[in-house]
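# Tertiary structure, described
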Amino acid sequence: MSGDAPVVGRHGSASSSETTRRANLSLVLSLVHHSGALSRAEITRMTGLNRSTIATLVAHLGELGLVYETAAATPAQIGRPSPTVRATSSTAAIAVNPEIDAVTIGLVGLGGEVIRKIRFATEQAPSAREVANITAAIVEGMRTELEQSYRIVGIGVAVPGLTRADDGVVSYAPHLGWRDEPIAAMIAEATGFAVSAANDASLGAGAELLFGAGKGSHDLIYLNGGASGIGGGVISNGVLRTGRNGYAGELGHTLVNSAGVACHCGASGCLETEVSLARLQRLVGLAGADLEVVEAALHAGTPELVLPEIHRQLDFLAIALRNAVNVFNPERVILGGFLATVFSLAPDYLIDRVTSLSLHGPGEVVQISRAVLGTNILMIGAAELALSGVLADPLLLAVEPVA
Ligand SMILES: [Zn+2]
């Protein structure tokens, strides 16, 4: 590998060249995983490594079963055609997302493909023990298929609540009624897989950054609206801001109305009490309906009846966004879930409000858009959490076979 610019470490000793090789394998695998497919020429350009090094790294990742190559599809191009490198979706993670009315479990391959998604409806908000049992039962039901066709690297859990990053303990998930639940340990014990857990909106932010509307951005704010309230994730200079314990980004509990109603968090006038899916459902007389149905009804509704409430919600959303824009100076604000629905009814209204309320500098540059990963966003985000170890060090799969 001499002659290449090392990504980390220095040439000269066996251990440092090993470190460099691991870092380069990680770099190439991560690029291919997040892009879906890249030609060798593109990887060469994006990494700054030389062509023969890329060929060696791709071959090594191929031996590990993490990527495969297909012949170049553009024979007309000048010079030697460059093979296309793709992530192997048979290396996969299991994603789990408990909500107040269901537990959704997905199988997500390297490359971000959601191969399977199962929604297990529950009569009421599931307990942590029930989530572990439901996950174990669904994984057991898929076991033959998983063993024959997939290499599962672990399970990632997207939790609508405050979740501690280092041990996967949910310290508080008000809508689920959970306090201090060791959800990662419980699912690990029930399934035998390695499990990590994190806040759902933070994982959604990461998914949009890597696979969706935030691709290419380094500074973005993601806000998601669900039946369980509003969560947020802040990515600054390419890094998801977790705070000391993984609790950061709770933009749903920022003050938007000093005369507002009491929130379950103990404060009042929070964004998620003023802006909610339940208010939208009531507006169109569809209490409890799926978001797709509510969105269609809102767009089909009489504007004089629908728009006053939409504008009211967007006014409060604009206050929360103004605060976030002034604090973080993001390049993008991405709205998911029902917040994307509210935005879709009057996009220019929200953009004008945020621009005019924010400070001139950050307010001028911020772009507001809807999340593009749709209902798969939390599956992809949770799977990314489980895949992160292999992405950081693909040789982990060479050392020990994964359960
Ligand atoms: Zn609150």
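All figures in this text were calculated on a predicted structure; none of them were measured in a lab. (Residues numbered from 1 in each chain as written. Predicted model: local features only at pLDDT ≥ 70, side-chain atom pairs only at ≥ 80, totals over all residues. Heavy atoms only, no water.)

## Structural notes on the overall build of the protein chain
To be explicit about the condition: In this text, helices come from DSSP runs of H or I with a minimum length of four residues, and strands from runs of E with a minimum of two, each type numbered from the N-terminal end. The reference for a compact globule is 2.2 Å times residues^0.38; the radius of gyration itself is calculated from the C-alpha atoms. Working definition: with a 1.4 Å probe on protein chains only, accessible area under 20% of the residue-type maximum means buried, over 50% means exposed, and in between means partly exposed. Contacts are assigned to residue pairs that have any heavy atoms within 4.5 Å of one another. Note that His is not counted, nor are the chain ends; the positive residues are Lys and Arg, and the negative ones are Asp and Glu. Here the site of a charge means atom NZ of a Lys, CZ of an Arg, CG of an Asp or CD of a Glu.
When its secondary structure is counted, the protein chain shows 16 helices and 16 strands. For 403 residues, the compact-globule estimate of 2.2 N^0.38 gives 22 Å, and the C-alpha radius of gyration of the protein chain, at 22 Å, lies within 12% of that figure. Taken along the three principal axes of its C-alpha coordinates, the protein chain extends 65 × 50 × 40 Å. Out of the 403 residues in the protein chain, the part that is buried amounts to 49%. A separation of at least 24 residues holds for 63% of the contacts in the protein chain among residues at least 6 apart in sequence. Charge-centre separation for the protein chain: the mean point of 26 positive side chains lies 6 Å from the mean point of 37 negative side chains.

## Here we look at the sheet that holds strand 13 (residues 229-236)
Here is the rule: The pairing criterion is simple: DSSP has to find at least two bridges between the two strands. A fitted line through C-alpha atoms represents every axis, and for helices the fit uses only the stretch in contact; the resulting angles, taken between N-to-C directions, go from 0 to 180 degrees.
Taken together, five strands build an open sheet; the order of strands is 14-13-12-15-16 and the sheet is mixed. Both outer strands of the open sheet, strand 14 (239-240) and strand 16 (367-370), are each paired with one neighbouring strand and no more. Where strand 12 (residues 220-226) meets strand 13, seven bridges bridge the pair, whose relative direction is antiparallel. What sits directly across from Leu223, in strand 13, is Gly232. Of the strands in this sheet, strand 12, strand 13, strand 14 and strand 15 (332-337) are in contact with helix 7 (residues 200-211), which crosses strand 13 at around 50°.

## Remarks on the layout of surface pockets
Empty space left among the atoms is revealed by rolling a probe the size of a water molecule over them. To keep it simple, the criterion reads: Using a 1 Å grid laid over the protein atoms alone, points where a 1.4 Å probe fits but cannot get out form a cavity; open sets with protein on both sides within 12 Å along at least 5 of 7 lines form a pocket; any residue with an atom within 4 Å of a point counts as lining. Grid points are joined across faces, edges and corners, and a volume is the space filled by probe spheres set on the points.
Roughly 1100 Å³ of internal volume is contained in the largest pocket. Gly226, Leu291, Glu292, Gly337 and Thr375 are the residues nearest the centre of the largest pocket, which is lined by 35 residues in total. Every element with two or more residues in the lining of the largest pocket is listed here: strand 5 (102-109), strand 6 (114-121), strand 12, helix 9 (277-283), helix 10 (291-300), strand 15, helix 12 (338-345) and helix 15 (377-392). The element best represented in the lining of the largest pocket is strand 12, accounting for four residues.

## Section: the pattern of salt bridges
As a reminder of what qualifies: Should a side-chain nitrogen of Lys or Arg be within 4 Å of a carboxyl oxygen of Asp or Glu, the pair is scored as a salt bridge.
Overall, the coordinates contain 12 salt bridges when judged by the stated rule. Its salt-bridge partner being Asp393, residue Arg22 comes within 2.4 Å of it at the nearest N-O pair. A residue pair is termed long-range when its members are at least 10 positions apart, and Arg22 in helix 1 (residues 14-35) and Asp393 in the loop between helix 15 and helix 16 (396-399) qualify at 371 residues. What makes Arg22 partly exposed here is its relative accessible area of 28%. Across the pair Asp101 and Arg119 runs a salt bridge, and its minimum N-O distance is 3.4 Å. A residue pair is termed long-range when its members are at least 10 positions apart, and Asp101 in the loop between strand 4 (91-98) and strand 5 and Arg119 in strand 6 qualify at 18 residues.

## Focus on unusual backbone geometry
Residues other than glycine predominantly adopt negative phi, and peptide bonds predominantly adopt the trans conformation. A positive phi is found at Asn237, a non-glycine position, where the angle reads about 50°. Positionally, Asn237 belongs in the loop between strand 13 and strand 14. On the basis of relative accessibility, which here comes to 57%, the residue Asn237 falls in the exposed class. Even without glycine at this site, Asn329 takes up a positive phi of about 50°. Within the secondary structure, Asn329 sits in the loop between helix 11 (303-328) and strand 15.

## Quick word on the domain arrangement of the protein chain
Note the following rule: What counts as a domain boundary in this text is fixed by an automatic or database domain assignment. Buried area, as used here, totals the accessible surface that two parts lose on assembly, with accessibility defined by a 1.4 Å probe and the loss added over both. Residues were grouped as follows: Ala, Val, Leu, Ile, Met, Phe, Trp, Tyr, Cys and Pro as nonpolar; Asp, Glu, Lys and Arg as charged; and all remaining residues, including Gly, as polar.
Partitioning the protein chain into structural domains gives domain 1 (14-73 + 81-87), domain 2 (91-202 + 377-399) and domain 3 (214-372). The straight-line distance from the C-alpha centre of domain 1 to that of domain 2 is 28 Å. Taken together, the contacts link 15 residues of domain 1 with 15 residues of domain 2. Of the roughly 1200 Å² buried between domain 1 and domain 2, counting both surfaces, carbon and sulfur atoms make up 63%. If you sort the residues of domain 1 by the area they bury against domain 2, Arg22, His33 and Leu64 come out on top, with a joint share of 46%. Summed over the shared surface of domain 1 and domain 2, the result is one salt bridge. Contributions of two or more residues to the side of domain 1 that touches domain 2 are made by helix 1 and helix 3 (51-63). A total of nine residues in the side of domain 1 that touches domain 2 trace back to one element, the largest contributor, which is helix 1. A breakdown of the residues in the side of domain 1 that touches domain 2 according to their chemical character gives six nonpolar, six polar and three charged.

## Some words on the packing of aromatic side chains
Formally: Each pair of aromatic rings taken from Phe, Tyr and Trp, with Trp reduced to its six-membered ring, is defined by centres within 6.5 Å and is described as stacked if the planes are under 30 degrees apart, edge-to-face if over 60, and tilted in the remaining cases. Our definition puts a charge over a ring when NZ of Lys or CZ of Arg is within 6 Å of the ring centre and also within 35 degrees of the ring normal.
In this structure the tally under the stated criterion is zero aromatic pairs. Arg179 extends its terminal NZ or CZ atom over the ring of Tyr172, reaching a point 4.1 Å from the ring centre.

## Points about the coordination of the zinc ion
Cut-off, in case you're wondering: Because no water is among the atoms considered, metal sites can look incomplete, with donors defined as N, O and S atoms within 2.8 Å of the metal, or 3.2 Å for Na, K and Ca. Irregular is the label for any site that misses the other tests, which are tetrahedral for four donors with all angles between 85 and 135 degrees, and square planar for four donors or octahedral for six when opposite donors exceed 155 degrees and the remaining angles lie between 65 and 115.
Bound to the zinc ion are the protein donor atoms His253 (ND1), Cys263 (SG), Cys265 (SG) and Cys270 (SG), situated 2.0 to 2.3 Å from the metal. One can describe the site at the zinc ion as tetrahedral: its four donor atoms subtend angles covering 105 to 118° at the metal. Read from N- to C-terminus, the donor residues coordinating the zinc ion fall into the pattern H-x9-C-x1-C-x4-C. Overall, Cys263 belongs to the buried group, its relative accessible area being 9%. The class for Cys265 is partly exposed, based on a relative accessible area of 36%.

## Some remarks on the packing of helix 4 (residues 128-141) against helix 6 (residues 183-191)
To keep it simple, the criterion reads: The sense of a crossing depends on the near helix, which, turned anticlockwise from the far helix by less than a right angle, makes the crossing left-handed and, turned clockwise, makes it right-handed.
Across the interface, helix 4 lies against helix 6 with an axial gap of 9 Å and an inter-helix angle of 35°. Crossing angle aside, the handedness with which helix 4 passes helix 6 is right-handed. Here helix 4 contributes Ala128, Arg129, Val131, Ala132, Thr135 and Ala136 to the contact with helix 6, which in turn contributes Ile183, Met186, Ile187, Ala190 and Thr191. Class assignment of the residues belonging to the contact of helix 4 with helix 6 gives a composition of eight nonpolar, two polar and one charged.

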